Amino acid sequence: MAVIHHTTMQPTKVELLASWLPTRDWYIGREGGPNPAKAGGFRLDDPAGEVGIEFMVVTDGTEAGAAAYLVPMTYRGAPLEGAEHALIGTSEHGVLGTRWIYDGAHDPVLVGELHALLRGNAVAQHQSVDDTPDLTVSVTAPAGDEGDAAVAELVRVVDGTDHTAVVVRTAGAPEELTLRVRRVLRAAEEGGAPAAGRVTAEWRLPDGSTARGPYVTA
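Residues numbered from 1 in each chain as written. Predicted model: local features only at pLDDT ≥ 70, side-chain atom pairs only at ≥ 80, totals over all residues. Heavy atoms only, no water.

A.B. asks: Would you take a moment to explain the overall build of the protein chain for this structure?
C.D. replies: The number of helices and strands found in the protein chain is two helices and twelve strands. For the protein chain, buried positions account for 45% of its 218 residues. Taking the contacts inside the protein chain whose residues are at least 6 apart along the sequence as the reference set, 56% of them involve residues at least 24 apart. Total accessible area on the protein chain is roughly 10400 Å²; 51% of this is exposed by carbon and sulfur atoms. (Helix = DSSP H or I, 4+ residues; strand = E, 2+ residues; numbered from the N terminus. Buried < 20%, exposed > 50% of the residue type's maximum accessible area, 1.4 Å probe, protein only. Contact = heavy atoms within 4.5 Å. Areas by Shrake-Rupley, 256 points an atom, 1.4 Å probe, with all protein chains shown as cover.)

A.B. asks: Where do I start with the sheet that holds strand E5 (residues 87–93) in this structure?
C.D. replies: Where strands meet in a sheet, backbone hydrogen bonds hold them as pairs that are either parallel or antiparallel. Taken in spatial order, the six strands line up as E1-E5-E6-E4-E3-E2 in an open sheet, and their pairing is antiparallel. Both outer strands of the open sheet, strand E1 (9–10) and strand E2 (36–44), are each paired with one neighbouring strand and no more. Strands in contact with helix H1 (residues 13–20) are E1, E2, strand E3 (52–60), strand E4 (68–76), E5 and strand E6 (97–103); relative to E5, the strand with the most contacts, it is inclined by about 155°. Across the face of the sheet, helix H2 (residues 108–118) comes into contact with E2, E3 and E4 while running at roughly 85° to E3. (Pairing = 2+ DSSP bridges. Axes fitted to C-alpha atoms, helices over the stretch in contact; angles between N-to-C directions.)

A.B. asks: Teacher, can you tell me more about the environment of Val14 here?
C.D. replies: Relative to the helices and strands, Val14 resides in helix H1. For Val14, a relative accessible area of 22% puts it in the partly exposed group. In sequence terms Val14 and Pro36 are 22 residues apart; their C-alpha atoms lie 6.5 Å from each other.

A.B. asks: Would you mind going over H2 with me for this structure?
C.D. replies: Along an α-helix, a turn takes 3.6 residues, which lines up residues three or four apart on a common side. Extensive coverage of H2 is indicated by the burial of nine of its eleven residues. Within H2 the residues assigned to the buried category are Leu110, Val111, Gly112, Glu113, Leu114, His115, Ala116, Leu117 and Leu118. Where H2 begins, the capping side chain belongs to Asp107, and its oxygen is found 2.9 Å from the backbone nitrogen of Val109. Backbone geometry just after H2 places Gly120 at a positive phi near 85°. (Polar contact = N/O pair within 3.5 Å; in protein donor to acceptor, adjacent residues only side chain to side chain.)

A.B. asks: Explain the nonpolar core to me, please; I cannot follow it from the model alone.
C.D. replies: Inside soluble globular proteins, nonpolar side chains tend to come together where they are buried. Judged by nonpolar contacts, the single largest core of 32 residues is most densely connected at Phe42, Phe55, Val57, Leu117, Leu179, Val199 and Tyr215. Broken down by element, this core gets its largest block of residues, six residues, from H2. Aside from chain neighbours lying at most four places away, what touches Leu117 is Phe42, Leu44, Ala122, Val123, Ala124, Val139 and Val199. Met9, Trp20, Trp26 and Tyr27 belong to the second-largest nonpolar core, a separate cluster that totals 17 residues. (Core = buried A, V, L, I, M, F, W, Y, C linked by side-chain atoms within 4.5 Å.)

A.B. asks: What should I look at first to understand the sheet that holds strand E12 (residues 210–217) in this one?
C.D. replies: Judged by pairing direction, the sheet is antiparallel, and its six strands sit side by side in the order E7-E11-E12-E10-E9-E8 without closing on themselves. Strands with a single pairing partner mark the edges of an open sheet, and in this sheet they are strand E7 (138–140) and strand E8 (152–159). Between one strand axis and the next, the sheet turns through 25° on average, direction left out of account. Pairing geometry for E8 and strand E9 (residues 163–170), over seven bridges, is antiparallel.

A.B. asks: Looking at this structure, I do not really get the environment of Leu117. What am I missing?
C.D. replies: Inspection of the secondary structure assignment puts Leu117 in helix H2. It is 9.8 Å that separates the C-alpha atoms of Leu117 and Arg198, two residues lying 81 residues apart in sequence.

A.B. asks: Help me understand the packing of aromatic side chains, please; the structure alone is not making it clear to me.
C.D. replies: Two numbers describe a pair of aromatic rings. These are the distance of the centres and the angle of the planes. Inspection of the entire model under this criterion finds six aromatic pairs. Summarising the aromatic geometry, the rings of Trp20 and Trp26 are spaced 5.9 Å apart at their centres and angled 65° between planes, so their arrangement reads as edge-to-face. Here the aromatic rings of Phe42 and Tyr215 are separated by 5.8 Å at their centres, their planes lie at 25°, and the arrangement is stacked. In this pair, Phe42 is assigned in strand E2 and Tyr215 in strand E12, connecting sequence segments 173 residues apart. When its relative accessible area of 1% is taken as the criterion, Phe42 is described as buried. Since its relative accessible area comes to 0%, Tyr215 is described here as buried. Ring pairs connect the aromatic residues Trp20, Trp26, Tyr27 and Tyr69, which therefore count as one cluster. (Phe/Tyr/Trp six-rings, centres within 6.5 Å; stacked < 30°, edge-to-face > 60°.)

Here's what the structure looks like:
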């Protein structure tokens, strides 16, 4: 179980994202420059207890129609070898010291736990409360894969114009599986093709209302 420390981070995660978002192919842009604000998300637990895993949503600006972005992040106590291209930045944590913060779509620990979540073998956790499932997150497994406990191996990651395709492989599976992390979030009705796996959750809009739509599809 992850322990959430209510302490300071310098710079904050949102401050790091203000510099990082404009470097992404899927960032829409905003007149006056980026102005991200935390707007929702959830966490997953690393079974080894070493890596923090968070799916954070930020809205960019306070105007109506401000874009909402999903940034899965991992927090590590040491650099992740071979992932320099995925580093969002480093921050000084008030309890844990220096943390290396990565775009979690490139981190095998986050990808493995996301795959476990889709298979029903992990539980979405509240973003800011210890040991508390987030019951607003709904999960539909790809048809026929419910309960599959195979560990996913990260194969490759490809950024698109509004999503990141994370390709994984599991032992014994006949083919690779693509997890599409929706970077630009859009409200949508629950449902979809029966064979499509998905993780659906909420985020707050600048006017205080709540939107809901897919975070990840498979």
